[in-house]
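Residue strings, one per chain:
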Amino acid sequence: VRDDDPRLKLFLDHRATLVDYATPIVGDRMRAEDVVQEAYIRFAPGAADGVAAGRVAQPVGYLYRIVRNLALDVTRRRQTEDRNRLQHRPDWLAPAELPAPDQGLLDRDETRRMAAALADLPERERVALKMHRVDGRSLQHIADHLDVSVTTAHRLVQGAVLRLTLALRDEDGA
Amino acid sequence: MTTDPAPRPSVTLLAEAADWLVRLEAAPGDRSLGPAFEAWCAADPAHAAAFAEVRRSWLAVPQGLAARRAAGDGPRGLRALRSRRALR
């Protein structure tokens, strides 16, 4: 690997951020890593597109555009494959299936913190979150159940998601 | 894991991302949200990172609930979980 190549250096500098950028589009980190790798192949000198990259005025923007286009391609392809099962899902939420229980999303420590954060949620937030996330109830349904407005139901779920996200960060340092 | 040079998204950004998540989840048939959401994601890599972060916890909710059940639904199980957290 020649690290005197400016395009490789630029790619390496942005790699982690590019993965973060692609993750919500393709749905998970592993696919995002693949997309970013594929993007480099197109971006690298020697590749047909890479030749053009030497001439573009904004190579970073160009790199993000490649990643974005590839990520959308991947999502579209998967969506076509999964159409029957995920028909009711918008594109960017299509790869929403959960990993098998034995290969959960969270490690042990995170799982413990998630469980604790769930226990700590304000009652109405927990109810709203569970109804929406687990039972698949609409915000209208939750609003009726809790006797609040739909806007409040939305805020309850949003607040719960935010608290859980912050709880997962707790021991990461900052 | 590789170290991430990007700063972690702010709490404000996470709240915004959580708002998007609920909007998208609540209206799965509403394709009109798509362009606005993509524009928001593309506006700043930190936006996309914030969304990835809230989405991860959203997806992991069942795992957390399962762990809660495993720890025992009774008050003792919950208290045990709570006692491990710093009070705010």
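So, here's what we can say about the structure. Residue numbering note: each chain is counted from 1, following its sequence as written. Chains carry letters from A onward and ligands carry numbers from 1 onward, assigned in written order. Per-residue local features of the predicted model are confined to residues with pLDDT of at least 70, and side-chain atom pairs are confined, for both listing and counting, to 80 or more; whole-chain, interface and lining totals are unaffected and use all residues. No hydrogens and no water enter the side-chain calculation; it runs on all heavy atoms of the structure.

1. With respect to the overall build of chain A
As a reminder of what qualifies: Note on conventions: DSSP H or I runs of at least 4 residues are helices, E runs of at least 2 residues are strands, and numbering of each starts at the N terminus. Here a residue-residue contact requires only that any non-hydrogen atoms of the pair lie within 4.5 Å. Accessible surface is estimated by sampling points in the Shrake-Rupley manner with a 1.4 Å probe; for residues, cover comes only from the protein chains shown.
Along its length, chain A carries nine helices and zero strands. Restricting the contact set of chain A to residue pairs at least 6 apart, pairs at least 24 apart contribute 56%. Counting only carbon and sulfur atoms, one obtains 49% of the accessible surface of chain A, whose full area is about 9200 Å².

2. Regarding the overall build of chain B
Filter applied, for reference: Only protein chains enter the accessibility calculation, which uses a 1.4 Å probe. A residue is then buried if its area is under 20% of the maximum for its type, exposed if over 50%, and partly exposed in between.
Helix and strand counts for chain B stand at four helices and zero strands. Helices (α) and strands (β) of chain B occur, in sequence order from the N terminus, as α-α-α-α. For chain B, the proportion of its 88 residues judged to be buried stands at 41%.

3. A closer look at unusual backbone geometry
A positive phi angle is found at D147 of chain A, which is not glycine, with a value near 60 degrees. By the element assignment, D147 of chain A lies in the loop between α8 (139–146) and α9 (150–169).

4. Points about the packing of helix α7 (residues 123–134) of chain A against α9 of chain A
Residue and element names in this part refer to chain A. Filter applied, for reference: The convention used is that axes are lines fitted to C-alpha atoms, helices contributing only their stretch in contact, and that angles between N-to-C directions extend from 0 to 180 degrees. Convention used here: angles under 35 degrees read as roughly parallel, angles over 145 as roughly antiparallel, angles from 65 to 115 as roughly perpendicular, and any remaining angle as oblique. Polarity classes work like this: nonpolar for Ala, Val, Leu, Ile, Met, Phe, Trp, Tyr, Cys and Pro, charged for Asp, Glu, Lys and Arg, and polar for all others, with Gly in that last group.
It is the contact of α7 with α9, at a shortest axis distance of 8 Å, that shows an interaxial angle of 95 degrees. When the interaxial angle is binned, α7 and α9 end up roughly perpendicular. Residue-level contacts link R124, E125, A128, L129 and H132 of α7 to T152, L156, V157, G159, A160, V161, R163 and L164 of α9. Within the contact of α7 with α9, the residues separate by chemical class into seven nonpolar, three polar and three charged.

5. Structural notes on the side chain of E125 of chain A
Residue and element names in this part refer to chain A. We apply this condition: As used in this structure description, the phrase polar contact means that two N or O atoms lie within 3.5 Å; if the pair is within protein, one of them must be able to donate a hydrogen and the other to accept it, and residues adjacent in sequence are counted only when both atoms belong to side chains.
Along the polypeptide, E125 turns up in helix α7. Polar side-chain contacts of E125 include one of 3.3 Å to the backbone nitrogen of A160. Sequence-distant contacts of E125, that is, excluding residues within four places in its chain, are made with L156, G159, A160 and R163.

6. Quick look at α8 of chain A
Quick note on the threshold: The arc in question is formed by the directions pointing from the helix axis toward the C-beta atoms.
Residues of α8 of chain A that are buried: L139, I142, A143 and L146 of chain A. Taken down its axis, α8 of chain A places every buried residue within 100 degrees of arc, on the same side. Those residues of α8 of chain A that are exposed and angled more than 90 degrees off the buried face are D144 and H145 of chain A. Buried positions along α8 of chain A lie against α7 and α9 of chain A together with α1 (11–26) of chain B. Looking one or two places after α8 of chain A, you find D147 of chain A, whose phi comes out positive at around 60 degrees.

7. Comments concerning the nonpolar core
For soluble globular proteins, nonpolar side chains are generally found buried alongside one another. We apply this condition: Put simply, buried Ala, Val, Leu, Ile, Met, Phe, Trp, Tyr and Cys residues joined by side-chain atoms within 4.5 Å make one nonpolar core.
The biggest cluster of nonpolar side chains holds 43 residues, and the ones touching the most others in it are L129, V157, V161 and L164 of chain A together with F51 and V54 of chain B. Broken down by secondary-structure element, the contributors of at least two residues to this core are α6 (108–120), α7, α8 and α9 of chain A together with α1, α2 (33–43) and α3 (45–70) of chain B. The residues contacting L129 of chain A, other than those within four sequence positions of it, are L118, L121, V134, V157, A160, V161 and L164 of chain A together with W58 and V61 of chain B. By size, the runner-up hydrophobic cluster in this structure holds 26 residues, among which are Y40, Y62 and L63 of chain A together with A48 of chain B.

Honestly, it's all geometry; don't read function into it.
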